[in-house]
Amino acid sequence: ARRPERPGEMKGNSGRLKRSSSRRCRIAIVVLGVASPFALYRLVNGGGNETGDRFLDVSLGRREGGRFGASHAKGHAAGGHATYHGQKNYGGFENGIAGITNHNPSVWDAGSNPKEHHPRFERDVSPPAPDYGVPHTIGTRRADTRPGHVGGFVSDGDDRRHIDAHRTHPASKITKTEPVVFDDDLLDADAESELSDEACASLADEWVESRREIYAEHTHARKAHGGHSSATATDATPEQKSDLLFFLHIPRTAGRTFHFCYLKLAYPEKDRCGKSYDELRVNVHNPNCKFLASHDDYSLVERFHEQPRVVTMFRDPVARFLSSYEFAVEVSVRSFGSEAKTPSSRVSTRNVWPWSNAVRFIDRDLKRYKNRVEQDPEGRKESIENVYNNTVYTPLHEFVDTPEAREDFHNAQFLQLLGLSTNSNPSIEPKARDLRSCLRPGTTATETLYKYAEERLRNEVDVTVTHERLDDALSLTSAELGLPTLGPSYNGANHAPPHSKLLHSALETVARHGQGHVDGSVRDEDTEPSRVAVSGGEIVGFTFRFGKVTLEQLKDETWRAGYLDAITSVLAYTCGVEARNVRVTPPGVKSLWAKDDGGWQTALVEFPPARVPHRNGENAAAIEDLPPFDPDATYASGKKRKLGPDELLALLRDARDSGEDVAAHLVLAAEGFDEYGEMTVHAAGRVFLPGSGSARDAKAETYKLGGDPTFVPLGTAFRSCERAQRNKYARLKSKAFASLHKHVLGDFEPFVKDDRKQISESLLDRIRDLNFLDHRLHKFALRLFDERFAANEEKIRKEVIPPPLPK
């Protein structure tokens, strides 16, 4: 009997032909798979042909190791130039950043061609590693004395790539069972291994001299544009520098608070350069570009035509490294090892150097842990008894020796100051990788580069401050840069409107023409006889703004509809009223969202008669006489109390005077409001409604009517923002580790201060030794800070910074 035909099967010879063709196709695929790497190698290296040369040309814009920032833009066309994967996007300007020059058009030396990035190998969970001392170099290659290492290369099986047998280090002993491996490097390893101490010393001398020449060109270029130039290159005056202030932001030094809550607020929004942490969006020829902050290293400064003013912040290297490890774990845990989706309008931490590498390293740990639990027949979870040493993610003592730590964290303050970090631009610093490989303790090259770091910090960086003295850092910076703490702060609006007058007018309008209701409706209960017999209600109004809600968003009808629905609901919940009793409008009577009022909004909350303690406002205390707001007030049952009109007014009054963020008390009961930034109050008032149902005799009261400040002093704004940032990141941290609790056994406290007591002294000493250059430079920064603080003592006395606000 014939086998029945299968659906879709070809009959007779055609079926045999199809199967034969299928076999030939599979053979062809295998052959192509084997041959493709050799063809690609030929293409990349050019082989003396035109194709290879073209491939090399388009690679010149990349950062070292494919880490030209973390934007990972693909195929961004800009004026005939393409932005390739791994290349930092310079905003589509023809020659990179507009107004920035290239001092070294020749970027790659022979034998230092960039290689394509290979996938990293997975790492097996390993037992705690013993302390074997300090490696002899701090670059991406290390001569290490630990056992199990070959030819001076690390070979712990973590994130490594095999070297072709024809490109081995002369000292390596190659065997079939013990292959030579090296760190995740994209440049030729031989280029570094061939540099002797003498060659390194010569290279360091040459490089330092070239940097001095660039600085001299930048400072004297000011003279050609009308500035005054009579000083030497190492004694430049402010007149010899451009109007641009560049904050060289070294990660995990409290730089975010210093930048976001102080430097940024000192400049009007129109004078701030574009966001540049994930990619550069800046045209320095734009006269309104006066303040730029970025994790880019000093090689960015060397691309400017003129020397900008530079400010930077240092931190104890051991504390900075621990903070870096903790933050990388926290960011990864937020999405438990998955790529989190971020709106295009926001900068994702995962796409910012150095977190683009470190966070994804921890991601792989969490994914492996999740797979272990899922594959376990009993689904057994693991516990975290020590946040620095567990099996869920890489322990601290192992992380210290990972390529991520060596390349991006160890001595990163020193390398970022010199412009030699893994985030440097190879078109400006083509020798960065070689120079990093020369950093061996005790060598002439290392000492030459370190001495130049001190020289640059003293002569080229205008203000050097330290994490350990943040308040003094603000006072010194204000004195030296002319940004007085008693001067204006700019939080998104050029000038604050007369909020109290606008609010007062809005309250009177609603009372007279809105039937006593915020939505202007006539309700059934208004005509009931019982309503006449009881006291009238009360409307509390306040004008506010969110730090991150823009006018453009409020103009968008679709976005605004969702936002108004959310904020109306959460204010109703907080005050214990119905949603129809809350209304949010633009400030003023006309209620036009398109008006350029800087994102100001007015909220009106109507409290029904049963919630109002005063009859027609009789015997009601003035707003200024209300007792202070008590954030811990509760019902007798222990539940959180809903805000009544007096409590709400006390909260608004206190926030109006102090400038503090009220989001935690008003809107954070709802998910997502932390994305809108701090919520500041600019005016508060109320109107009592008579019990007859007629609103003609309504009495409006506005706190400090006509006494609106024209601005919030910079020092006061800093304190308010500082607390808002501190509370925000405490919530983010709590939320992140709450998600981790679901995946592990038991409970634990994530990275609190006392946790660091669990770290052994030997490990802390090892971290300090690995960061030997940062350790020296931090001590110098402290001395330099003290010296300049004393020299500016008279100016600093005029700077007033309020005391820190309570949590």
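For the structure itself, consult the block above.
Criteria and cut-off values
- Residues numbered from 1 in each chain as written.
- Predicted model: local features only at pLDDT ≥ 70, side-chain atom pairs only at ≥ 80, totals over all residues.
- Heavy atoms only, no water.
- Helix = DSSP H or I, 4+ residues; strand = E, 2+ residues; numbered from the N terminus.
- Contact = heavy atoms within 4.5 Å.
- Areas by Shrake-Rupley, 256 points an atom, 1.4 Å probe, with all protein chains shown as cover.
- Buried < 20%, exposed > 50% of the residue type's maximum accessible area, 1.4 Å probe, protein only.
- Phe/Tyr/Trp six-rings, centres within 6.5 Å; stacked < 30°, edge-to-face > 60°.
- Salt bridge = Lys/Arg side-chain N within 4 Å of Asp/Glu carboxyl O.

Asker: Explain the overall build of the chain to me, and be specific about the residues and the numbers.
Answerer: For the chain, the count of helices and strands is 23 helices and 13 strands. Expressed as a percentage of contacts within the chain between residues at least 6 apart in sequence, the contacts between residues at least 24 apart total 75%. On the chain, roughly 37,500 Å² of surface is accessible, and the fraction owed to carbon and sulfur atoms is 52%.

Asker: Can you tell me about helix α5 (residues 255-263), naming the residues and giving the values?
Answerer: Within α5, eight of the nine residues are buried, which leaves it mostly tucked inside the rest of the structure. All of the buried residues in α5 are G255, T257, F258, H259, F260, C261, Y262 and L263. Buried residues along α5 sit in contact with β5 (245-248), β6 (291-294), β7 (309-314), β8 (463-466), α13 (470-481) and α20 (714-741).

Asker: So, the packing of aromatic side chains: which residues are in play, and what are the values?
Answerer: A complete count under the given rule lists 25 aromatic pairs for this structure. A centroid spacing of 5.6 Å and a plane angle of 55 degrees characterise the contact between F546 and Y676, whose relative ring orientation is tilted. Here F546, found in strand β9 (residues 538-546), pairs with Y676, found in the loop between α19 (663-666) and β12 (679-688); they are 130 residues apart in sequence, far enough to count as distant. Residue classification places F546 among the buried residues on the basis of a relative accessible area of 0%.

Asker: Can you break down the pattern of salt bridges residue by residue, with the values?
Answerer: For the structure shown, the criterion picks out 33 salt bridges. Among the ionic pairs, E447 bridges to R776, the shortest N-O distance being 3.1 Å. Of this pair, E447 sits in helix α12 (residues 444-459) while R776 is found in helix α22 (residues 772-791), placing the two residues 329 residues apart along the sequence. Ionic pairing is found between R458 and E787, a salt bridge with its closest N-O pair at 2.9 Å. One end of the pair, R458, is in helix α12; the other, E787, is in helix α22, with 329 residues separating them in the sequence. Residues joined by salt bridges that share partners form a network here, namely R211, E302, E429, R456 and E460.

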